[in-house]
Amino acid sequence: MKYNKNIFTVDKCKLNKVVKKFETPIFCYSEKKITENIINFRNNFKSFSPVICFSTKSNCNLEILKLIKRNGLGADVVSKGELMIALKAGINSKKIVFSGVGKTRSELIYAIEKNILLINSESKSEILEIESIAKSKNKKVDIGIRLNPNTDAKTLKQISTGKKENKFGINEKTFIEVLEYIKSSKFLNLKCLSVHIGSQILDHKPYQKMLNVLQKLIKKIDYNFEYIDLGGGMGIDYNKDNKKFNYKKYNQMIKKFLKKNKTKIIFEPGRSIIGDTAILISKVIYIKENSKKDFIIVDAAMNDLMRPALYGAKHRIVPLKKTNKKTKKTYDFVGPICETTDKFLTTNKFQKLNEKDYIIICDVGAYGSSLSSNYNIRPKPAEILIRGSKINVIKKRQKLKDII
Ligand SMILES: *Cc1c(COP(=O)(O)O)cnc(C)c1O
């Protein structure tokens, strides 16, 4: 994704072509970038060939999931709906893990019927529920237990999941209790120890702490896990300030861990696979001048891209068409929704914009379309996938008549 003769270009497709043909806002993905990210992710850990289960909640577009499947990944799902769409994308059930703190009985029944790789359980009560379903089907069910390692991921507090005050996982004491119970169960097969400490993690040190916690526990309980599921969370460079996650160090840490433990590694990456593969194109509706900064009111809003409103996340914004004019402005990019938090970014030194210009909101592939809603009865945007210079519509823009 770069400028070609001052026009923002995805692979070989200049985006002025897209806005001539489609309404905005519109999500636009690069097939090449998705494939590259998967290859790179795999190469980072090739010495131990991990099972890579793409986190479906980060992006659940069926065509994207099919593409991910073609590139050999499995899926990490957190609901029956996600499990259904992963299967529909053709992902083998033996490459699917099911996480989440509140899986209902009917969701668990469905997962057990589909013979997925693992149900990663997050509470004692849930383990008992799985056992009762397994018993009723006279089946032995493969499970993992998600440990809460009480590790600070040093990320936004809203997306931190591995501290003891977070709702996720089981603490060490309970873990040891349920382990004894499971060992004597005829219907449960504990295959995996799992963790996931948070998202958009850029510092590798929390992962070292997490591995230390796992090592200590494994030593204490003296149990052989067929799998250790390390979750996802690896961050991406949203600000283009070169703060990058150090995969080399993470790989070394895991290799060291594997010298002491003979086990297979599972990863559940979402953002690191899909985050920087898409942009959201939006059109300036009005410009409202203000004393210090002008409001750029665009046709995308928090319902299309929720992360800024939800977490205070920042996504870079760039013009679709670069001009060489010298004037630089301070702008507040806002959407039309009746909420003060419906604001994408305040930025200075932006080129002067005019009404009807187009802007690009960057790195929206993860938790972009999957978190979108119909708030204010706004239809969800179309999604397109670019391959070379070809545009494939992978989701049509919702029609108002279908949501009213
Ligand atoms: C959300 C989630 C992931 C993916 O996290 P990313 O930061 O997108 O890599 C993986 N595992 C679990 C259990 C999750 O809830």
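Remember, predicted model here, so these are calculated numbers, not experimental data.

(A) The side chain of Ser58, seen in detail. Mapped onto the fold, Ser58 is located in the loop between strand S5 (51–55) and helix H3 (62–70). Classification of Ser58 by relative accessible area gives buried; the value is 0%. Beyond its immediate chain neighbours, meaning those up to four positions away, Ser58 contacts Gly270, Arg271, Ile274, Gly365, Ala366, Tyr367 and Ser370.

(B) Looking closely at the pattern of salt bridges. One pass over the structure, following the stated rule, counts 25 salt bridges. Two residues, Arg397 and Glu23, come together in a salt bridge whose shortest N-O distance is 3.7 Å. Here Arg397 is found in the loop between strand S20 (390–395) and helix H12 (400–403), whereas its partner Glu23 is found in the loop between helix H1 (15–21) and strand S4 (26–30), with 374 residues between them in sequence. Residue classification places Glu23 among the exposed residues on the basis of a relative accessible area of 55%. Lys264 is paired through a salt bridge with Glu226; the nearest N and O atoms lie 3.7 Å apart. Taken together, the positions of Lys264 in strand S12 (residues 264–267) and Glu226 in the loop between helix H8 (205–221) and strand S11 (227–229) put the pair 38 residues apart, joining distant regions of the chain. The exposure class assigned to Lys264 is partly exposed, which follows from its relative accessible area of 41%. One salt-bridge network, in which partners are shared between bridges, spans Asp142, Lys191, Glu226 and Lys264.

(C) Summary view of helix H4 (residues 80–88). For H4, every residue scored as buried is listed here: Glu82, Leu83 and Ala86. What you see down the axis of H4 is that its buried residues fit within an arc of 100 degrees, all on one side. Among the residues trailing H4, Gly90 stands out with phi positive, at a value near 95 degrees.

(D) Region of the structure containing the domain arrangement of the chain. Split by domain assignment, the chain resolves into domain 1 (2–29 + 275–403) and domain 2 (31–271). Between the C-alpha centres of domain 1 and domain 2 the distance comes to 32 Å. The partner domain 2 presents 25 residues to the 23 residues of domain 1 that form the contact. Buried surface at the junction of domain 1 and domain 2, summed over both partners, amounts to about 2,100 Å²; 52% is from carbon and sulfur atoms. Seen at the junction of domain 1 and domain 2, the total is two salt bridges. Two residues, Glu31 and Arg387, come together in a salt bridge whose shortest N-O distance is 3.2 Å. Inspection of the domain 1/domain 2 interface yields twelve residue pairs in polar contact (both at pLDDT 80 or more). For the side of domain 1 that touches domain 2, the element with the most residues is strand S19 (residues 382–387), which contributes four residues. Classifying every residue of the side of domain 1 that touches domain 2 by side-chain character gives eight nonpolar, six polar and nine charged.

(E) Molecular detail of the packing of aromatic side chains. All chains considered together, the criterion is met by 19 aromatic pairs. Ring geometry for Phe45 versus Phe48: centroids 5.8 Å apart, planes at 55 degrees, classification tilted. Overall, the relative accessible area of 0% leaves Phe45 in the buried class. Note on Phe245 and Tyr250: the rings are 5.7 Å apart at their centroids and 85 degrees apart in plane angle, and the pair reads as edge-to-face. Note on Phe245: relative accessible area 7%, which makes it buried. You can call Tyr250 buried: its relative accessible area is 0%. Put simply, the rings of Phe41, Phe45, Phe48, Tyr207, Phe245, Tyr247, Tyr250 and Phe267 touch in pairs and so form one group of aromatic residues. Here Lys80 stacks its cationic end above the ring of Tyr110, 4.9 Å away from the centre of that ring.

Thresholds applied
Residues numbered from 1 in each chain as written. Predicted model: local features only at pLDDT ≥ 70, side-chain atom pairs only at ≥ 80, totals over all residues. Heavy atoms only, no water. Helix = DSSP H or I, 4+ residues; strand = E, 2+ residues; numbered from the N terminus. Buried < 20%, exposed > 50% of the residue type's maximum accessible area, 1.4 Å probe, protein only. Contact = heavy atoms within 4.5 Å. Salt bridge = Lys/Arg side-chain N within 4 Å of Asp/Glu carboxyl O. Arc of directions from axis to C-beta. Domains from an automatic or database assignment. Buried area = accessible area lost by both parts, 1.4 Å probe. Polar contact = N/O pair within 3.5 Å; in protein donor to acceptor, adjacent residues only side chain to side chain. Nonpolar A, V, L, I, M, F, W, Y, C, P; charged D, E, K, R; others polar. Phe/Tyr/Trp six-rings, centres within 6.5 Å; stacked < 30°, edge-to-face > 60°. Lys NZ or Arg CZ within 6 Å of the ring centre and 35° of its normal.

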